[in-house]
Amino acid sequence: MQPATAKWWDRRDTVFVEFCVEDSKDVKVIFDKSKFEFSCVSGADNVKQHNSVELFGEIDPKDSKHKRTDRSVLCCLRKAEAGKSWPRLTKDKTKCNWLSVNFSNWKDWEDESDEDLSSFDKFSEMMNNMGGDDLPDLDGAEEEHESADSDDEKLPDLE
């Protein structure tokens, strides 16, 4: 048996762990208050994979779930104490070579003000905070574009 490669990310009331196993069979996920176990058989070679994780914080085993797809198994661990961030998935600070952070799904949810804003609103707010007094006036930009610029002079023919 070998551990399955996994990525994890933290949210306000849940922690997600995605095991990157293709064509998994016989998937078993056992949730406990302070740990969970994952096992399956994967790929054409029927590789047996097993992960046992002592968790950083406690979870609600009854409200935690998993979902299998052809490419991975996603585990949703419901935190026992919502609103408390987890700096790591595991209880121990040791580095697990099979585990990494999924930064594309990570969200800094501790800052309440950003949570209610859409991406466009965040971008607009950022642009407004940068100031804009020195930005050129774009009214009439088309008219200027149609007039001849100094570098639009006719070039002499090549001989």
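Criteria and thresholds
- Sequence order as written defines residue numbering, which begins from 1 separately in each chain.
- Predicted model: local features are reported for residues with pLDDT of at least 70 only, side-chain atom pairs are reported and counted for 80 or more only, and whole-chain, interface and lining totals are derived from all residues.
- Values shown for side chains rest on all heavy atoms present in the structure; no hydrogens or waters enter the calculation.
- By the criteria applied, helices consist of DSSP H or I runs no shorter than four residues and strands consist of E runs no shorter than two, each listed in order from the N terminus.
- Each residue gets one of three labels from its accessible area relative to the maximum for its type: buried under 20%, exposed over 50%, partly exposed in between, using a 1.4 Å probe on protein chains only.
- Whenever two N or O atoms come within 3.5 Å, that pair is a polar contact, provided that in protein one can donate a hydrogen and the other can accept it, and provided that, for residues adjacent in sequence, both atoms are side-chain atoms.
- In what follows, a contact means two residues having at least one pair of non-hydrogen atoms within 4.5 Å.
- Nonpolar cores are built from buried Ala, Val, Leu, Ile, Met, Phe, Trp, Tyr and Cys residues. Side-chain atoms within 4.5 Å join them into one set.
- Between any two strands, at least two bridges found by DSSP are needed for them to pair.

Participant: Tell me about the side chain of asparagine 51, residues and numbers included.
Facilitator: Considering the arrangement of structural elements, one finds asparagine 51 in strand β5 (residues 47–54). Judged by its relative accessible area of 2%, asparagine 51 falls in the buried class. A polar contact of 2.9 Å, which involves the side chain of asparagine 51, links it to the backbone nitrogen of alanine 4. Setting aside chain neighbours within four positions, we find asparagine 51 in contact with Pro3, Ala4, Phe19, Phe36, Glu37, Phe38 and Trp98.

Participant: If you had to explain the nonpolar core to someone new, which residues and values would you point to?
Facilitator: One finds Val17, Phe19, Phe36, Leu77 and Leu89 to be the most contacted residues of the largest nonpolar core, which totals 23 residues. Secondary structure elements with two or more residues in this core: β1 (6–10), β2 (14–19), β3 (25–31), β4 (35–42) and β7 (73–78). Apart from residues no more than four positions distant in its own chain, phenylalanine 19 is found in contact with Ala4, Thr5, Ala6, Phe36, Phe38, Asn51, Arg71, Ser72, Val73, Cys75 and Trp98.

Participant: So what's going on with the pairing of β5? Which residues, and what values?
Facilitator: Pairing of β4 with β5, which is carried by 8 bridges, proceeds in the antiparallel orientation. Bridge pairing in β5 places cysteine 40 opposite glutamine 49. The hairpin turn running from β4 into β5, its antiparallel successor, is 4 residues long, and glycine 43 in that turn takes a positive phi close to 70 degrees.

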